[in-house]
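Read off the chains here:
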Amino acid sequence: MRNLLLALPFLLSNCSVPIAVDTTVPAHAFSDRINASAQLVDVRTAAEFKGGHLLNAVNLDWTGGQLEAMSSTLDKTRPVLLYCASGRRSADARGYLVDQGFTDVVGLEGGITSWRSSGMPVEP
């Protein structure tokens, strides 16, 4: 029994099951994650999106059910970067995507509000 207990941490650390990244990061770290392989998703309403959004973001409204309806169009092997106005909706959306098997889902801490206050660019 003692040997099993000693081996348990080693066995658990070598599992091949992917561990989901479920986190939020500040604006500058979020910006650093935006690249060609990342899927940038704005989960706000269409009206909010039209009021300004991040370059190359796709608008899939969380509250209106668009993200749930369109999640199959996202690639589970690529990072998904989510944002909303303040971080609440993107946190809910992040939890949903992780439950659907996405393993690298990151939200913008404080939403587009913190992005703007950090002086980061927004598309009209």
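Quick look at the structure, then. Keep in mind the model is a prediction, meaning the values are calculated, not measured. (Residues numbered from 1 in each chain as written. Predicted model: local features only at pLDDT ≥ 70, side-chain atom pairs only at ≥ 80, totals over all residues. Heavy atoms only, no water.)

Counting 15 residues, the largest nonpolar core has Phe30, Leu40, Leu54, Tyr83 and Trp115 as the members making the most contacts within it. Of all the elements in the fold, those that place two or more residues in this core are α2 (27-33), β4 (80-83), β5 (104-108) and α6 (111-117). Not counting chain neighbours up to four residues away, the residues in contact with tryptophan 115 comprise Ala27, Phe30, Ser31, Ile34, Leu54, Leu108, Met120, Pro121 and Val122. Counting 14 residues, the second largest nonpolar core, distinct from the first, contains Trp62, Leu74, Leu82 and Val105. (Core = buried A, V, L, I, M, F, W, Y, C linked by side-chain atoms within 4.5 Å. Buried < 20%, exposed > 50% of the residue type's maximum accessible area, 1.4 Å probe, protein only. Helix = DSSP H or I, 4+ residues; strand = E, 2+ residues; numbered from the N terminus. Contact = heavy atoms within 4.5 Å.)

Once that is clear, we can look at the environment of glycine 64. Along the chain, glycine 64 falls in the loop between β3 (58-59) and α4 (66-70). Separated by 18 residues in the primary sequence, glycine 64 and alanine 46 have C-alpha atoms spaced 9.7 Å apart.

Turning next to the pattern of salt bridges. A complete count under the given rule lists three salt bridges for this structure. In this structure, arginine 44 and aspartate 42 form a salt bridge, with 2.7 Å as the shortest nitrogen-oxygen distance. Aspartate 42 gets classed as buried once you look at its relative accessible area, which sits at 0%. With a closest N to O distance of 2.8 Å, arginine 89 and glutamate 48 form a salt bridge. Of this pair, arginine 89 sits in helix α5 (residues 88-99) while glutamate 48 sits in helix α3 (residues 46-50), and the two are 41 residues apart along the sequence. Its relative accessible area of 26% is what places glutamate 48 among the partly exposed residues. (Salt bridge = Lys/Arg side-chain N within 4 Å of Asp/Glu carboxyl O.)

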